[in-house]
Amino acid sequence: RGDSACADRKVDSVCPYCGVGCQLTYHVKQDRIVFVEGRNGPSNENRLCVKGRFGFDYPNHPSRLTVPLIRREGVPKGLDPDFDPAKPFSHFRAASWDEALDLAAAGLRRLRDTHGPDALAGFGSAKCSNEEAWLFQKLVRTGFRSNHVDHCTRLCHASSVAALIECIGSGAVTASFMQAQQADVVILTGCNPTVNHPVAATYFKQAAKRGTKLIVLDPRGITMGAYAHRMVRFTPGSDVSLFNAMLNVIVTEQLYDEDYIAAHTEGFEALKAHVAPMTPEAMSPACGVAAEEIRDIARLYAKAERAMIFWGMGISQHTHGTDNARGLISLALATGHIGRPGTGLHPLRGQNNVQGASDAGLIPMVFPDYQPVGNAQIRAAFEELWNTPLHDKPGLTVVEIMHAIHAGTIRGMYIQGENPAMSDPDLAHARGALAMLEHLVVQDLFVTETAQFADVILPASAWAEKDGTVTNTNRQVQMGRAAVPLPGDARPDWWIIQEIARRLGLDWHYTHPRDVFAEMKRGMHSLDHISWERLDAEQSVTYPCPADDAPGLDVVFGDRFPTASGRARFRPTVPLPPDEPIDDAWPTVLITGRQLEHWHTGSMTRRAAVLDALEPAAVATLAPGELARLGLEPGEPLAIETRRGSITLTARTDPLMPEGMVFVPFCYVEAAANMLTNPALDPYGKIPEFKYAACRLSACKSA
Ligand code: SF4
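Residues numbered from 1 in each chain as written. Predicted model: local features only at pLDDT ≥ 70, side-chain atom pairs only at ≥ 80, totals over all residues. Heavy atoms only, no water.

Caption draft 1: Main features of the packing of aromatic side chains. Taken as a whole and assessed by the stated rule, the structure comprises 15 aromatic pairs. Taken together, the ring pairs connect Trp134, Phe367, Phe382 and Trp386 into an aromatic cluster. Over the face of the ring belonging to Trp495 we find Arg491, whose NZ or CZ atom lies 5.2 Å from the ring centre. (Phe/Tyr/Trp six-rings, centres within 6.5 Å; stacked < 30°, edge-to-face > 60°. Lys NZ or Arg CZ within 6 Å of the ring centre and 35° of its normal.)

Here's what the structure looks like:
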């Protein structure tokens, strides 16, 4: 921590990393951030984790983009091991904004006009503001004239959102994570909050210390298990079997809330019949959990006066991810643990603005506020708002877009702040697709791995350099403020999107993000009673909000659900195996995820000095016994191979890891985890199975 005397001004904003949305203060000296402090925000109460506190200097990294770049003629697209992002002029030349924007837009316009709207697609960013997300999806829908717009929600919680919208009519959480402190029982499943939502984890730990019983359900032991009343480790991929067995106990022992079910739900009789044969004894072999243990945790949850369920990507990133979430929703509905303080359903959202970017419409099948593009009445309302005809066909999702490039359908892309050359499954396929694009425009802070495929690179704004709103996992819309100026010729993202839009023939005249927010309120009822001025004064307002002078609702759906009938729906689920089960040839389960110190593809945190010093190199984590069997010591090189590729990285042991599993973070380009991952999709959420791929391990003495 620095000394406040060394700063010449302070600027209040929000952390740029995870969905917890910690409020913070940037301490700035001579237009550089010198240190960061937590503020008394509703989701952090002055706390910050290591990323929020120390991960602030990446915008000053020597490889920061400060001028627009255009690919030099003859330089092939793709990852060149000799390319140095700090010296991009070997592969790209500097350009003026006018030249770069004209070239970027001309390529997109030519492909649209020659091959039709389906030839173009766009990836927006969950790291950008709500206003930037709104503009980006509007650009694709009105400028590209298609709905081929998506972002990283497709890779994290798309299946959770699909299940929530189907079953309770809303894709957001029903209660904030602070409500855990009022719960008697909390289930944490498929999440690792101390790593991925560290400040939220402090609320869970506090709750446990005050007497809340934590039930941790996960194939992998996690540090939160030390605070748990029950830590239940189950067989990877058997989530649906486990949740159905718990529902069977609740039905068989009549632990369900009959009055709640009668008043607020539909479909319970079908669910009852469906789970009848799925007794704990019947499901125990698949789950690897003793039948009596399943009974105990089902009883604990069902008999609690107030209980909540939190989940993460261990639930969502499966080919049965939507079924996993449906099972959790059924548990809450059957027991009436929803709509009251200390109860609810909470998918812990990943990026700082993945909730807001999804709300703002960076999703191919829905307009903002999850309004289907196929609904004529809704479409007419947006056509009137934007004064242009809109496409009625849902667009393609992230992985589908990569397939469409290989098929020759999609020929051009605009990618803002996303890094599919690192984040997509089966990277050989994804990078092959990016290389095939006839025209690629990338807007980012650095020449990322994706930007190395670009024809034009547009230097954009870091979070601490922009004004804008952002929505965290708790539905809290918060105000972010520019603390430092943009370097060199970099520009605000909203300005760049508008300049591209104008060159595609759109008549846009925004002068500030507040103009965009005003337009958003005309298309998004979720923002009713929330204004830019109010956010500027109050810092944070939760949606939905009932009045201009009322706080937003921390807990929702006490009376009715936002479905056509006002009732929630049970959706029975059938256990299915992973897409690529382990076998004798591929005997180990590979899972991928994040580390405490690094964020997603590492484009920001690997350029933050403290975070990079803490975790400088690619590691794979596995059980000590597993490593010993390979004849390796911690710190020695380990090769991991799947049907799609192989990587070599440093082995690390963790006694909490089960035998037969290896964990690899996906932020290291030198050992890119997604070279290995399986692109098979959940049929509803279209999310890849990042949490289960069959692999084999071997000692590698020459890394
Ligand atoms: Fe930032 Fe999340 Fe850490 Fe809070 S918990 S400081 S939002 S990374």
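From this point on, the discussion continues.
Caption draft 2: Up close: the layout of surface pockets. Space inside the second largest pocket adds up to approximately 680 Å³. Elements with a contribution of two residues or more to the lining of the second largest pocket: helix H4 (158–168) and strand S15 (371–372). Here the residues of the lining of the second largest pocket sort into 13 nonpolar, eight polar and seven charged. (1 Å grid on protein atoms, 1.4 Å probe; cavity = no way out; pocket = protein on both sides within 12 Å on 5 of 7 lines; lining within 4 Å. Points joined across faces, edges and corners; volume = space filled by probe spheres on them. Helix = DSSP H or I, 4+ residues; strand = E, 2+ residues; numbered from the N terminus. Nonpolar A, V, L, I, M, F, W, Y, C, P; charged D, E, K, R; others polar.)

Caption draft 3: Molecular detail of the side chain of Gln351. As for its placement among the helices and strands, Gln351 is situated in the loop between strand S13 (344–347) and helix H14 (354–359). Apart from residues lying up to four places away in sequence, Gln351 is in contact with Tyr17, Cys18, Gly19, Ala126, Lys127, Cys152, Trp599 and His600. (Contact = heavy atoms within 4.5 Å.)

Caption draft 4: Broad picture of helix H11 (residues 291–303). For H11, with 13 residues, the first-to-last C-alpha span of 18 Å sits near the 18 Å given by 1.5 Å per residue. When H11 is considered as a whole, its buried residues turn out to be Ala291, Ile294, Arg295, Ile297, Ala298, Leu300, Tyr301 and Ala302. (Expected span 1.5 Å × (residues − 1). Buried < 20%, exposed > 50% of the residue type's maximum accessible area, 1.4 Å probe, protein only.)

Caption draft 5: Local environment of helix H7 (residues 239–252). In this model H7 runs 20 Å from its N-terminal to its C-terminal C-alpha over 14 residues, within 8% of the 20 Å that 1.5 Å per residue would give. Burial analysis of H7 places 13 of its 14 residues in the buried class, which makes it a mostly covered element. Downstream of H7 by one or two residues, Gln254 has phi in the positive range, about 50°.

Caption draft 6: Fine view of empty space enclosed by the protein. Taken as a whole, this structure holds six cavities of 30 Å³ or more when the rule is applied. The calculated volume of the largest cavity comes to roughly 160 Å³. Taken together, 19 residues form the lining of the largest cavity, with Lys127, Cys128, Leu445, Ser461 and Ala462 sitting closest to its centre. Residues of the lining of the largest cavity, tallied by class, amount to nine nonpolar, six polar and four charged.

Caption draft 7: Structural context of the packing of helix H2 (residues 97–115) against helix H19 (residues 493–503). Where H2 contacts H19, the two axes come as close as 9 Å, and the packing angle between them is 55°. Here H2 is positioned oblique relative to H19, judged by the angle of their axes. By crossing handedness, the relation of H2 to H19 is classed as right-handed. Residues Trp97, Asp98, Leu101, Asp102, Ala104, Ala105, Leu108 and Arg109 of H2 form the contact with H19, whose own contacting residues are Trp495, Ile496, Glu499, Ile500 and Arg503. Its residues assigned to classes, the contact of H2 with H19 shows eight nonpolar, no polar and five charged. (Axes fitted to C-alpha atoms, helices over the stretch in contact; angles between N-to-C directions. Parallel < 35°, antiparallel > 145°, perpendicular 65-115°, else oblique. Left-handed = near helix turned anticlockwise from the far one by under 90°.)

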